[in-house]
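# A structural walkthrough
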Amino acid sequence: MTIHEQLASIFRGRSDKIAVGDAKAFHPEKCADHAARLEAEHLSGVRCLGFYLLDEDSQVWVSCADFDNKAERPDELWREKAERVYYLLANLGLRPVVEISQSGEAAHVWVAFSEALPAWVARS
């Protein structure tokens, strides 16, 4: 399994659509092979792609807490909040991953699950 296939197996949701970003938003496109699109477009820097966390049955394989620090909504404590959530999840026995945005002004704290969970469970 390639690294791109491994990433696609972790970061998955809807199997029939992929989110394609433009200057303003993300829009759904039909997609049959997320791993190939991830490698050919996203990881090579051609287009900004994302995935829809919820699958067709409102279940998730991965969940994320988002900590933003935007000009229109500044949050000077975003780093500390992300760190606290990371340690809280780690102390619960989970294996969170922190991703800092390209701008360096935001973070995601990701948790992947070994099986799909109902979305309400992940949110809880």
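Here, the structure is the one placed above.
Below you will find a few notes about this structure. (Residues numbered from 1 in each chain as written. Predicted model: local features only at pLDDT ≥ 70, side-chain atom pairs only at ≥ 80, totals over all residues. Heavy atoms only, no water.)

### A short note on the overall build of the protein chain
On a plain count of helices and strands, the protein chain comes out with four helices and six strands. Secondary structure elements of the protein chain, listed N to C terminal, follow the sequence α-β-β-α-β-β-α-β-β-α. The C-alpha atoms of the protein chain give a radius of gyration of 15 Å, which matches the 14 Å a tight globule of 124 residues would have. A buried classification covers 25% of the 124 residues belonging to the protein chain. Summarising the internal contacts of the protein chain: among those between residues at least 6 apart in sequence, 56% fall at separations of at least 24. Surface summary for the protein chain: the accessible area is close to 8,600 Å², and the carbon and sulfur share equals 55%. Side chains of the protein chain carry 14 positive and 20 negative charges; the gap between the two charge centres is 3 Å. (Helix = DSSP H or I, 4+ residues; strand = E, 2+ residues; numbered from the N terminus. Rg over C-alpha atoms; globule rule 2.2 N^0.38 Å. Buried < 20%, exposed > 50% of the residue type's maximum accessible area, 1.4 Å probe, protein only. Contact = heavy atoms within 4.5 Å. Areas by Shrake-Rupley, 256 points an atom, 1.4 Å probe, with all protein chains shown as cover. Lys, Arg positive; Asp, Glu negative; His and termini not counted. Charge placed at Lys NZ, Arg CZ, Asp CG, Glu CD.)

### Brief notes about the layout of surface pockets
Size it by volume and the largest pocket reaches roughly 1,400 Å³. Forming the boundary of the largest pocket are 37 residues, of which H42, L49, G50, E99 and W110 lie nearest the centre. Contributions of two or more residues to the lining of the largest pocket are made by α1 (3–10), β1 (17–21), α2 (34–42), β3 (49–50), β4 (59–68), β5 (97–100) and β6 (106–118). For the lining of the largest pocket, the residue count by class is 18 nonpolar, eleven polar and eight charged. Here the second largest pocket is characterised by a volume of approximately 260 Å³. (1 Å grid on protein atoms, 1.4 Å probe; cavity = no way out; pocket = protein on both sides within 12 Å on 5 of 7 lines; lining within 4 Å. Points joined across faces, edges and corners; volume = space filled by probe spheres on them. Nonpolar A, V, L, I, M, F, W, Y, C, P; charged D, E, K, R; others polar.)

### Focus: the side chain of E41
The residue E41 is located in helix α2 in this model. A polar atom in the side chain of E41 sits 2.9 Å from the side chain of R47. (Polar contact = N/O pair within 3.5 Å; in protein donor to acceptor, adjacent residues only side chain to side chain.)

### Describing the nonpolar core
If you look at soluble globular proteins, the nonpolar side chains tend to sit buried side by side. Counting residues in hydrophobic clusters, the biggest one holds eleven residues: V60, F67, W78, A82, L89, A107, V109, V111, F113, L117 and A119. Secondary-structure elements contributing two or more residues to this core are β4, α3 (78–91) and β6. Considering every element that reaches this core, the biggest residue donor is β6, with five residues. Setting aside anything within four residues of it in sequence, one finds L117 in contact with S58, Q59 and V60. (Core = buried A, V, L, I, M, F, W, Y, C linked by side-chain atoms within 4.5 Å.)

### Description of the packing of aromatic side chains
In this description, a pair of aromatic rings is defined by centroid distance and the angle of the planes. Tallied over the entire structure, the rule returns four aromatic pairs. Measuring from centroid to centroid gives 5.0 Å for Y86 and Y87, while their planes differ by 85 degrees, and the two rings are edge-to-face. The rings of F11, F51 and W110 are connected pair by pair, giving a single aromatic cluster. For the cation-ring pair, R12 lies above W61, with the distance from its terminal atom to the ring centre recorded as 3.4 Å. (Phe/Tyr/Trp six-rings, centres within 6.5 Å; stacked < 30°, edge-to-face > 60°. Lys NZ or Arg CZ within 6 Å of the ring centre and 35° of its normal.)

### Structural notes on the sheet that holds β3
A sheet is described by the order of its strands in space; here three strands give the open sequence β2-β1-β3, paired in antiparallel fashion. Each edge of the open sheet is held by one strand with a lone partner, namely β2 (26–30) and β3. Two strands pair when backbone bridges link them, and β1 and β3 are joined in this way by two bridges, in the antiparallel orientation. When the sheet's bridge partners are listed, A19 is paired in β3 with G50. (Pairing = 2+ DSSP bridges.)

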